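Residue-level structural notes
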Amino acid sequence: MALAAGAFSLISATNPRRPAAVDQARLEQADADPANWMTHGRTFNEDRYSPLGAINRQNVSKLGVAWSYEMRESRGVEATPIVVDGVMYITSAWSIVHAIDATNGKELWVYDPEVPRITGTKACCDAISRGVTVWNGKVYVATLDGRLVAIDARNGRKVWEQVTLDRSKPYTITGAPRAARGLIYIGNSGSEYGVRGFVSAYDAETGKLRWRFYITPNPKGPDGAASDSVRDRALETWNTAAGEWLRSGGGGASWDALVFDKETNTLWIGTGNGGPWNRELRSPSIPGRNNDNLYLSSVLGVDPDTGAYKCHYQETPGETWDFTATQPMILTTLKIGGSDRRVLLHAPKNGFFYVIDRTNCGLISAKPFVPVSWATGVDPKSGRPIENPEARFQSAPFLVSPSGWGGHNWHPMSMSRQTGLVYIPVRDAPVHYAADPAFVHREGSYNTGTAYTAFPEGPAAREMIRKLLKGYLLAWDPVQQKEAWRVPLPGIDNGGTLATAGGLVFQGTVDGRLRAYNARTGAILWDIDNGAPAFGGPISYSVKGRQYLAVTASFGTPAYLTGAILSTKVGDMRKSRVNVYRLGGAPIPKRPVVENPTPEPPVIAASEEMLQAGSLNYSHYCLGCHGMSAVSGGATPDLRRTPYLQDGESFRAVVHGALATSGMPNFSAWLKDADVEAIRAYIAGRARDAFQEEQKRKHAPVK
Ligand SMILES: O=C(O)c1cc(C(=O)O)c2c(n1)C(=O)C(=O)c1cc(C(=O)O)[nH]c1-2
Ligand SMILES: [Ca+2]
């Protein structure tokens, strides 16, 4: 743990309040206090609308750099910064918390929870964290390895720490905790790794567990948890005699949205996908019975004080595609059919935009916001999707739109109170799903029960990805349930959005641009190089009357999916940053594209079987950080270019822990010498493709 002295004196010099003095009253009145961004989505309602308008359509093109803060890691950053009274609190990779002077980028303190790097083997999506929450002078971080830590906002010292989950199981935490009414709420991740998801509430002062709600029922008996009261009802929707879920827990991990609703006194939980994905392997369906697998893929409302079940709406009954309902939620009031309705707006992975009644979880409307092939619509009467009968891919592979990458994933959407539109980073990313008859559960790896075929290997992948995967920024009218405008974007891994009273929407793109759009029309008013993608939601705050725009800049995170293959910045392992902009700031720095040629790879004699085994093991154990087709997302070394590739012995040493302190986990429990050599042969093949392509380009006649 590193500390920087002087944090408190600096804060007290600029502000009379003690640091992070956030309480219920202050959060409830967040709209009267737009200088601060005190909770994940700015207000309890999480609409990510900033009432600050000093930066507006007329002057946004004059934004320059206020400051830029360098983190210690090159890994992915997904956090939304929190700003209270001139101090920013943010996490970088490995759940490291930074407190920064929000006016000049000066580091006040850093708290490193020292997450064991082996935890990386349980994380699907890089060593990421979506940020902290603050309450009554403390900053709370949920660590990748499952702890909830309360930190003194004055000096970065730990006040208390709780282990929130069974660390012998493949759980992680990537989500940001939320604070309300003296409690800290936190979920977890790991549905693909074999866990049973739950949400917990801890006393903010003492760290004592107040309640717990399990997303899936315990077939062995009650848990002594808040979810016990609905256990029987949930069990009726599972096969209690067969299925992987009896061993793994069935998934449902709630890894992102947790929204406190002060108007209906509800904590809204977005629940996750099933584990494994394939329902017929997870919990074989029983003809003539309900096979919905509650409470997977649902918007679930519980009592914030006790965790008692209130109501739910299951968006994807019998989830089988990695269709999480964990995506960010916006609470608002809409005039629908002449009356004011308290609604929850949700654009989950499954591709439908839902308007849900916050008083009873009733469906008000649902319309596709992206092409959808698994269902033709949602029946307004029953609230159930009208499924395409082939979409469950049991008899034949099926091209599912959207796929588990999401019609929309965790990247926060925002809503403008001026236009009434919701700004969604959309992914149009169909994928072929087929049942995996050879499914075996593997520790330390992704377990889906699905042969999920994405792309061919090698140079062909790039073309395929360009053609098939489309991303765009979508402005959506939630009352009419229709598109207002869209702007096509490169790739699908674009960042979250922020709407402001300046009539603007801000968003980062996967190729590292940062843009401001006219919120009414989608016209691009500002478009700069942010150095690296701003994946999380941008925020705006002000100190002493000056408005700032803050975004992160990092590689890694979800960019391993496709962004890396499309990006010109591949292999550019610079440190992650927080970039803050203001009117009249310094000029945007020029950042030349880094040339990073592939060295000639070694020739490794390998049979076709060996290459296939290498490819399979690569996808199980390496892809999550080092990228599809061995094309790194830029936050971790590009394995096609690592010097360790050149000789088998050093390569094996690295896979078996030689670089464990730098973040490369030790895989010796799962990968034996022959497995490692097969992976090396596979990567050498990918490296040869890249090498030959580069040679061809180099020697091509100049046109
Ligand atoms: O089921 C889960 O437990 C789980 C966890 C996470 C996570 O914690 O980040 C993701 C997903 N699933 C997931 O399906 C997914 O698409 C995803 C994307 C990301 C990301 O950070 O970009 N995380 C996750
Ligand atoms: Ca998942």
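Procedures and definitions
Residues numbered from 1 in each chain as written. Chains lettered and ligands numbered in written order. Predicted model: local features only at pLDDT ≥ 70, side-chain atom pairs only at ≥ 80, totals over all residues. Heavy atoms only, no water. Helix = DSSP H or I, 4+ residues; strand = E, 2+ residues; numbered from the N terminus. Rg over C-alpha atoms; globule rule 2.2 N^0.38 Å. Buried < 20%, exposed > 50% of the residue type's maximum accessible area, 1.4 Å probe, protein only. Contact = heavy atoms within 4.5 Å. Areas by Shrake-Rupley, 256 points an atom, 1.4 Å probe, with all protein chains shown as cover. Lys, Arg positive; Asp, Glu negative; His and termini not counted. Charge placed at Lys NZ, Arg CZ, Asp CG, Glu CD. Pairing = 2+ DSSP bridges. Axes fitted to C-alpha atoms, helices over the stretch in contact; angles between N-to-C directions. Near = heavy atom within 4 Å. Polar contact = N/O pair within 3.5 Å; in protein donor to acceptor, adjacent residues only side chain to side chain. Nonpolar A, V, L, I, M, F, W, Y, C, P; charged D, E, K, R; others polar. UniProt positions renumbered as here; feature names shortened; annotations may be inferred. Donors = N, O, S within 2.8 Å, 3.2 Å for Na, K, Ca; no water. pLDDT = per-residue confidence, 0-100. Phe/Tyr/Trp six-rings, centres within 6.5 Å; stacked < 30°, edge-to-face > 60°. Domains from an automatic or database assignment. Buried area = accessible area lost by both parts, 1.4 Å probe. Salt bridge = Lys/Arg side-chain N within 4 Å of Asp/Glu carboxyl O.

With respect to the overall build of the protein
If you tally the helices and strands in the protein, you get 10 helices and 38 strands. Relative to the globule expectation of 27 Å for 703 residues, the C-alpha radius of gyration of the protein, 24 Å, shows essentially globular dimensions. Reported as C-alpha extents along the three principal axes, the dimensions of the protein are approximately 70 × 65 × 50 Å. Burial status across the protein gives 64% buried among its 703 residues. Within the protein, residue pairs in contact and separated by at least 24 positions form 64% of the contacts whose partners lie at least 6 positions apart. Looking at the protein as shown, the accessible area adds up to about 24300 Å², and 53% of this sits on carbon and sulfur atoms. Measuring between centres, the 76 positive side-chain charges of the protein sit 5 Å from its 67 negative side-chain charges.

A word on the sheet that holds strand β5 (residues 96-101)
Taken in spatial order, the four strands line up as β3-β4-β5-β6 in an open sheet, and their pairing is antiparallel. Each of the sheet's edge strands pairs with one partner strand only, and the pair in question is β3 (82-84) and β6 (107-111). Along the sheet, successive strands turn relative to each other by an average axial angle of 20°, direction set aside. Where β3 and strand β4 (residues 87-92) come together, three bridges link them in antiparallel fashion. In the strand pairing of β4, Val83 is matched with Met88.

Observations regarding the pairing of β6
For β6, the tally of buried residues reaches four of five residues, placing the bulk of the element in the interior. The sheet contact formed by β5 and β6 spans four bridges and is antiparallel. Considered in β6, the bridge of Ala99 is made with Trp109. Linking two consecutive strands that pair antiparallel, namely β5 and β6, is a turn of five residues; a positive phi of about 80° is found at Gly105 within it.

Digging into the pairing of strand β21 (residues 352-357)
Summarising burial for β21: six of the six residues are buried, a large majority. Of the two faces of β21, the one carrying Phe352, Tyr354 and Ile356 and the one carrying Phe353, Val355 and Asp357 are both buried. Summarising the sheet, strand β20 (residues 339-346) and β21 pair through four bridges and their orientation is antiparallel. Within the sheet, the bridge partner assigned to Val343 lies in β21 and is Asp357. The hairpin turn running from β20 into β21, its antiparallel successor, is five residues long, and Gly351 in that turn takes a positive phi close to 100°. Inspection of the sheet shows β21 paired to strand β22 (residues 363-368) by five bridges, in the antiparallel sense. Across the sheet, Phe353 pairs through a bridge with Lys367, a residue of β22. Between β21 and β22, which pair antiparallel and follow one another directly, the connecting turn spans five residues, one of which, Cys361, has a positive phi of 65°.

Observations regarding the site of ligand 1
Residues in close proximity to ligand 1 total 19 residues, the closest being Glu78, Thr174, Ser189, Gly190 and Lys349. Note that an oxygen atom of ligand 1 is positioned 2.7 Å from one of the side-chain N or O atoms of Thr174. Against a free-state accessible area of 460 Å², the protein chains account for coverage of 95% of ligand 1. Across the shell around ligand 1, the residue classes break down as seven nonpolar, seven polar and five charged.

A few points about the UniProt feature "binding site: heme c" (unreviewed entry) in the protein
In the numbering used here, UniProt assigns the feature "binding site: heme c" (unreviewed entry) to Cys622, Cys625, His626 and Met664. Judged by maximum C-alpha separation, these annotated positions cover 43 residues in sequence but sit close together in space, the widest gap being only 10.5 Å. The exposure class assigned to Cys622 is buried, which follows from its relative accessible area of 12%. Ignoring any residue separated from it by four or fewer positions in sequence, one finds Cys622 in contact with Asn617, Gly627 and Ile679.

Observations concerning the coordination of the calcium ion (ligand 2)
On the protein side, the calcium ion (ligand 2) has Glu192 (OE), Glu192 (OE), Asn273 (OD1) and Asp322 (OD) as donor atoms, found 2.3 to 3.0 Å from it. The sequence pattern describing where the donors of the calcium ion (ligand 2) fall on their chain is E-x80-N-x48-D. Here Asn273, found in the loop between β16 (266-270) and α5 (279-282), pairs with Asp322, found in the loop between β18 (309-314) and β19 (329-336); they are 49 residues apart in sequence, far enough to count as distant. Judged by its relative accessible area of 1%, Asn273 falls in the buried class.

Things to note about the confidence of the model for the protein
A residue-level look at the protein finds 94% of positions with pLDDT of 70 or above and a mean pLDDT of 93. Below pLDDT 50 for its whole length, residues 1-13 participates in 27 contacts with residues either more than four positions away or in separate chains. Prediction confidence for the complex, expressed as pTM and ipTM, is 0.95 and 0.99 respectively.

Points about the packing of aromatic side chains
Counted according to the given criterion, the structure contains 29 aromatic pairs. For the pair Phe506 and Trp526, a centre-to-centre distance of 6.4 Å together with 80° between the ring planes defines the contact as edge-to-face. Pair noted here: Phe506 is in strand β33 (residues 504-508) and Trp526 is in strand β35 (residues 524-529), with a separation of 20 residues, a long-range link. On the accessibility criterion, Phe506 (2% relative accessible area) is buried.

Section: the domain arrangement of the protein
For the protein, the assigned domains are domain 1 (5-194 + 202-381 + 406-429 + 469-583) and domain 2 (608-698). With centres defined by C-alpha atoms, the gap from domain 1 to domain 2 works out at 32 Å. If you look at the interface, domain 1 gives 20 residues, while domain 2 gives 23 residues. Taking both partners together, domain 1 and domain 2 bury about 1600 Å²; carbon and sulfur atoms supply 67% of that area.

Here's the deal with the sheet that holds β33
In space, the five strands of this open sheet follow the order β1-β32-β33-β34-β35, with mixed pairing throughout. A strand with exactly one partner marks an edge of an open sheet, and here the two such strands are β1 (49-50) and β35. Bridging between β1 and strand β32 (residues 497-500) involves two bridges; their strand directions are parallel. By the bridge assignment, Tyr49 is partnered in β32 with Ala499.

Here's the deal with the pattern of salt bridges
Using the criterion set out here, one finds 43 salt bridges in the structure. The salt bridge partner of Lys138 is Glu205, with a shortest N-O separation of 2.8 Å. With Lys138 in strand β8 (residues 138-142) and Glu205 in the loop between β13 (198-203) and β14 (209-214), this residue pair connects regions lying 67 residues apart in the sequence. With a shortest N-O distance of 2.8 Å, Arg640 and Asp638 are connected by a salt bridge. Salt bridges linked by common partners bring Asp145, Arg147, Lys158, Glu161 and Arg167 together as one network.

Section: the side chain of Glu315
Looking at the secondary structure, you find Glu315 in the loop between β18 and β19. With no salt bridge to any partner, buried Glu315 finds its closest opposite charge in Lys349, at an N-O distance of 11 Å. Residue contacts for Glu315: discarding those within four places in its chain leaves Ser297, Ser298, Val299, Ala325, His346, Pro348, Asn350, Tyr354, Ile356, Trp374 and Pro385.

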